[in-house]
Amino acid sequence: MSDAMNIAKAVSKQEAWSRPQWLQQWQQAGLDRFRETPWPTRKTEHWKYTPLKSLTGIDWSLPEPKTSVADGIRFDDWNAIRLNIVNGELQNPGDLPTGVSLVRLSECNQEQAERFLAALEASRNDFLFDTANQAFIQDAYWLNVDPNTQVQQALHLNYVTDGDDVLSSSQIWINLGVGAQVTVVETFSAGEQGRCLVNANTAITLADNARMTHYHLMLEEGDAHHIGRVTAELQRSAYLDSFHVGIGGVLKRKDIRVRHCGEGAELRLNGVYLPKGAEIIDYHTCIEHEVPHCTSEEIFRGIISDSAKAVFNGRIHIHKDAQKSLAEMNNRNLLLSDQAEIDTKPELEIYADDVKCAHGATIARLDDTQLFYFQARGISRAEAEVMLSFGFINELLDSLQDEAVQNLLRPLLATLFAHQRSELTRHLL
Amino acid sequence: MSEEVKQYIKSEYEAGFTTNVESATIPPGLNEDVIRLISAKKQEPEWLLEWRLKAYRAWEQMEEPDWAHVTYPKPDFQALSYYSSPKSMEENRPKSLDEVDPELLATYEKLGIPVHEQEVLAGVAVDMVFDSVSVGTTFRQKLKDAGVIFCPISEAVHEYPELVKKYLGSVVPQRDNYYAALNSAVFSDGSFVYIPKGVRCPMELSTYFRINEAKTGQFERTLIIADESSHVSYLEGCTAPMRDENQLHAAVVELVALDDAEIKYSTVQNWYPGDAEGKGGIYNFVTKRGIAHTRSKISWTQVETGSAVTWKYPSCILKGDDSIGEFYSVALTSNHQQADTGTKMIHLGKNTRSTIISKGISAMKSENTYRGLVRMNPGASGARNFTQCDSLLIGDQSGAHTFPYIESKNPSAVVEHEATTSKVSDDQMFLCQQRGIDPEKAVSMIVNGFCKEVFKELPMEFAVEAGKLLEVSLEGAVG
Amino acid sequence: MLSIKDLHANVEEKSILKGLSLDIKPGEVHAIMGPNGAGKSTLGNVLAGREGYSVTGGSVQFNNEALLDLDAEERARKGLFLAFQYPVEIPGVSNMEFLKASVDAVREANGQEPYSSVDFIKLAREKCKAVNLPADFLKRGVNEGFSGGEKKRNELLQMMLLEPTLCILDETDSGLDIDALQVVADGVNALRSPERSFIVVTHYQRLLDYIVPDYVHVLADGKIVKSGGKELALELEKDGYRWIAGESA
């Protein structure tokens, strides 16, 4: 790649790490590929709408090791197990529930390492930042749920980044055995000060009949960038409910790819993005129906304020012979300002005939008729705008399984539209 | 599928005959001398030669686009001939239709084109383009009486140089894209239309393009200018003989609708699609674009059944406030055909409106892609777009794809996009069969129903024609 | 309480109201009838202050204040209530959130303490029962997926909670079956009082069997062309609106 991103400092730090030789080689391979991969430009189809200028011209380094447990995101009234991942490094986890285990890549035996790396290999794409992730992760973590284990407590992966001009990379593999069931919440936050690039990858594999509820909340504010991917592979009759939130920061880009690999697999993929100020938030999703009889339902909604920009690219790909696929995708957007911009690209690529597929996309501002209804009932225009904006995404929040997550997100998202004026959100909270 | 059926399908391309006339074809190859030769043959003014050369030099620097969802061996541009004309048109150029070689006119008659003004379809004026030249245009006098100019563009260069100079390349610049640049360098004939202020063109205008000669490409160029408050409806049709090698057709169409004008542009594209094995057929790489000024309207309707590979996005630049753009499309692919087609609606002016209705039908082993762009620029306050893309799959070997790009920078602009995919359902088929309708007829009825919204936009005679064309193209796709 | 003088109004540059005058005293019920396109709905929207309806002449005094100078929400807070012909659906905003926001805003503007959440829920549930809406209704999105009858009852519920002094019912009978009409009419009648006035806009006489007006006005081509007592409605029912053209010409 070009010298667009200056990583010399990061490389010299990485080289000084002590780790097994095979791991060092694997990371070196990632670094080599990073250097070979061209820097995305506007002509690179997958980055067409997402300028990466804010990543250039910076001497990127790696964060100092942290011993203290940063606070990050906390859920009220929820008996969730909290795993803190600070600057990409997992802090001492407490006791895990029966049937749940956590393996560090650096501590794998040969057999484990082979399986782990194979899983990571299967989840990757030819994506520049994927190679950077491989090169700069401190370690990778394999969260395993044994077959037929129903984990009662939710697992909260609390990612925190702290440091200036640092690359904070993480890689987790969540593997559910046959019939296993778990809820995993991934929250991302960053310290108030300092520029960072969070490069976070999540790989999910669900064996037959496994069920997972997944939340992926990119909540970093300030001078934070976040780029990464979520991949999932669903085997026979597996079910994944994955919910995404993108707010804050300078630039956020998440590539979500779900593969239906076993018949009868079911996916619900929803999300909201709410860029404000000069933020850029970009979700690329791709759902692969590789076998017959699978179902996908996808809804993403965005509200773009100020001079912010959002990008949504949602692809549904029905492979040859994936008959009886049902796939629906919907993307709706509100533009709240003259300077705001949205680029959306809902795509269908279909190679089987006996399928039901549809997508829809809309772009508009707040509805005049709805605003008048509020005003005709004495509610001020400003409060009506906040309530309507929030209502637009609240339809998705309402459908979340876990009240604790709703309780975290509601005030956080509602205040975004009110510019910190609490009197405008008082009827929402 | 039995040999008989295959044979049957193959024979169904009714326009696949060849006309035996002696042609003057320049040797294959492309360089500046060839461009000078083409220009000299047409006795073009110096400025136009320079214009062509500029385009050629730009083209040389460009790369063939590869983003479309189509695969084909890249054409060898040096193996093609860029100019071919029947000899009878070269020497003693005929001064009227009566003097044209009857063999040429017979070609058009055989294709069902009215070449004599007294014929039934008398409401349509026709310009007949044969390889690189126009062989004749009907109703010129009648149109002239109304102030309408309808003639081959090579003639317009001489007769109306000011208009041509002003508008040629004004909508599709020479270096717009690879094929547009190629066309700008070597374009041969096409139609030129000018409708004066306030005139409603008294009849339908149409151009019929025919490729006849082997190893040539056709590079027509069409320019339509509708002056203020005028109205015109224009239709183009096209066919080519069946040949085992691929032939290239790279056209450019430019439309200019000045204030309050309306242009309706319809296409029935039936280039030879290749045989059941995917051998032969036309590569149809076309750039069509219109610019709509204040309160004007540009409406594209296309029925695409032919060509081996189609790459085509008739577009509207909605520059003037309150201007309207429309795109109605039926694209049917069968056998090994590939189509990547759609539109661009660029909203610049206030309260501009656009509608996109696209119906894609994929049968056999074909690939059918809708690709469209809707862009709301910062100035497009109150603009609206509605897009509906539906795909119908027939059989499990084909592909149907939808790739819309939607961009908005104006909060008061409203964009709505919907797409669906379905197949001809067993229930529909059973109902028809139970009522005694044979499967092929049933499919063509269902497909016709699926396309209704688009067909109703076509001029009457052509709607019937388009329906028949679909039926023929679908032969052998079921059962 | 309401005095409309020579009101002219446009919608999208088209003149709809062309010199409408009307006086309403406290406690009175005025029915406004007229053919389609006469400007009936426009009157309600203009009085409520909807954007896109521009007043080009005339004046409106509401409780001795110039109504037309006020924003839509200010008019609502001062006691003007428009019951919509087609109440809009607002998914994602619950009825409870919406009602509380509305009642708080109106009470606040009138110097009253806002209700506590507990009190308000109690009150809202009570009113729900009164208009025969199920209790889970409060959790649902505003008008989301409601039947025509439920939407109208929701309007009535809001009217009860806001206790306005002037209620404008815009074609409240449209899309209602006879039972639903009865429920809405009973609710409206229960709200009648010496301080509260009503403008009942309707195309059909049917509604006026249930909500009996003090006065009936015929609106045609943007003006009131005939006024009378409630018997005028019966005449209209019998003769239709066709005679108007002849008489007003």
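Residues numbered from 1 in each chain as written. Chains lettered and ligands numbered in written order. Predicted model: local features only at pLDDT ≥ 70, side-chain atom pairs only at ≥ 80, totals over all residues. Heavy atoms only, no water.

- By the naming in an unreviewed UniProt entry, chain B goes by Cysteine desulfurase activator SufB and is assigned to Reinekea blandensis MED297.
- The UniProt entry for chain B carries this comment under Sequence similarities (unreviewed entry): "Belongs to the iron-sulfur cluster assembly SufBD family." (UniProt positions renumbered as here; feature names shortened; annotations may be inferred.)

- Looking at an unreviewed UniProt entry, chain A carries the name Cysteine desulfurase activator SufB, with the source organism given as Reinekea blandensis MED297.
- Its UniProt record gives chain A a comment under Sequence similarities (unreviewed entry), which states: "Belongs to the iron-sulfur cluster assembly SufBD family."

## Focus: the overall build of chain A
- Within chain A, the regular secondary structure consists of seven helices and 19 strands.
- Relative to the compact-globule value of 22 Å for 429 residues, chain A shows a C-alpha radius of gyration of 21 Å, a close match.
- Along the three orthogonal principal directions, the C-alpha set of chain A runs to about 70 × 50 × 45 Å.
- By the burial criterion, 64% of the 429 residues in chain A qualify as buried.
- Long-range pairs, those at least 24 residues apart, make up 85% of the contacts in chain A with a sequence separation of at least 6.
- For chain A, the exposed area adds up to about 15600 Å²; of that, 44% sits on carbon and sulfur atoms.
- With 40 positive and 59 negative side-chain charges, chain A shows a spacing of 3 Å between the two charge centroids. (Helix = DSSP H or I, 4+ residues; strand = E, 2+ residues; numbered from the N terminus. Rg over C-alpha atoms; globule rule 2.2 N^0.38 Å. Buried < 20%, exposed > 50% of the residue type's maximum accessible area, 1.4 Å probe, protein only. Contact = heavy atoms within 4.5 Å. Areas by Shrake-Rupley, 256 points an atom, 1.4 Å probe, with all protein chains shown as cover. Lys, Arg positive; Asp, Glu negative; His and termini not counted. Charge placed at Lys NZ, Arg CZ, Asp CG, Glu CD.)

## Focus on the pattern of salt bridges
All names here are of chain A.
- Evaluated as defined, the whole model comprises 54 salt bridges over all chains.
- Between aspartate 255 and arginine 253 there is a salt bridge, with the nearest N and O atoms lying 2.6 Å from each other. Taken individually, aspartate 255 and arginine 253 each receive the classification buried, so the pair is uniform in this respect.
- Between lysine 345 and glutamate 347 there is a salt bridge, with the nearest N and O atoms lying 3.8 Å from each other. Both residues of the pair, lysine 345 and glutamate 347, belong to the buried class.
- Overlapping salt bridges, with partners in common, bring together Glu121, Arg124, Asp130 and Arg229 in one network. (Salt bridge = Lys/Arg side-chain N within 4 Å of Asp/Glu carboxyl O.)

## Concerning unusual backbone geometry
- We note that serine 237 of chain A has phi near 55°; this positive angle belongs to a residue other than glycine.
- Within the secondary structure, serine 237 of chain A is located in the loop between strand E10 (224-234) and strand E11 (239-246).
- Since its relative accessible area comes to 34%, serine 237 of chain A is described here as partly exposed.
- In the Ramachandran plot, aspartate 322 of chain B falls in the positive-phi region, its phi being about 60° despite a non-glycine side chain.
- Looking at where aspartate 322 of chain B falls in the secondary structure, it is placed in the loop between strand E17 (315-318) and strand E18 (324-333).
- When its relative accessible area of 34% is taken as the criterion, aspartate 322 of chain B is described as partly exposed.

## Let's talk about helix H4 (residues 117-130) of chain C
Residues and elements named next belong to chain C.
- Compared with an ideal rise of 1.5 Å per residue, which puts 14 residues at 20 Å, H4 spans 20 Å between its outermost C-alpha atoms and is within 8% of the ideal.
- Of all the residues in H4, the buried ones are Phe120, Leu123, Ala124 and Cys128. Seen from one end, H4 has its buried residues packed into an arc of 140°, which puts them on one side. Exposed residues on H4 whose side chains face more than 90 degrees from its buried face are Val118, Lys122, Arg125, Lys129 and Ala130.
- As for H4, its buried residues are in contact with helix H3 (95-109) and helix H5 (148-162).
- One or two steps after H4, the chain reaches asparagine 132, where phi turns positive at roughly 65°. (Expected span 1.5 Å × (residues − 1). Arc of directions from axis to C-beta.)

## A look at helix H7 (residues 403-418) of chain A
Residue and element names in this part refer to chain A.
- Counted at 1.5 Å a residue, the expected span for H7 with its 16 residues is 22 Å, and the 23 Å between its end C-alpha atoms agrees.
- When H7 is considered as a whole, its buried residues turn out to be Ala404, Val405, Gln406, Leu408, Leu409, Arg410, Leu413, Ala414, Leu416, Phe417 and Ala418.
- Here the buried face of H7 lies against strand E9 (211-218), E11, strand E13 (266-273), strand E15 (295-304) and helix H6 (381-398).
- Backbone geometry just downstream of H7 places histidine 419 in the positive-phi region, at approximately 45°.

## Topic: the UniProt feature "domain: SUF system FeS cluster assembly SufBD core" (unreviewed entry) in chain A
- In this structure's numbering, the residues bearing the UniProt feature "domain: SUF system FeS cluster assembly SufBD core" (unreviewed entry) are residues 160-392 of chain A.
- For residues 160-392 of chain A, the helix share is 9%, the strand share is 59%, and the end-to-end C-alpha distance is 29 Å.

## Some words on the domain arrangement of chain A
All names here are of chain A.
- Domain boundaries assigned for chain A yield domain 1 (1-262) and domain 2 (368-428).
- Put simply, the middle of domain 1 and the middle of domain 2, counted by C-alpha atoms, are 32 Å apart.
- Taken together, both faces of the contact between domain 1 and domain 2 bury some 1000 Å²; the carbon and sulfur share is 81%.
- Between the two partners, domain 1 and domain 2, sit zero salt bridges.
- The tally of links from domain 1 across to domain 2 stands at one residue pair in polar contact (both at pLDDT 80 or more). (Domains from an automatic or database assignment. Buried area = accessible area lost by both parts, 1.4 Å probe. Polar contact = N/O pair within 3.5 Å; in protein donor to acceptor, adjacent residues only side chain to side chain.)

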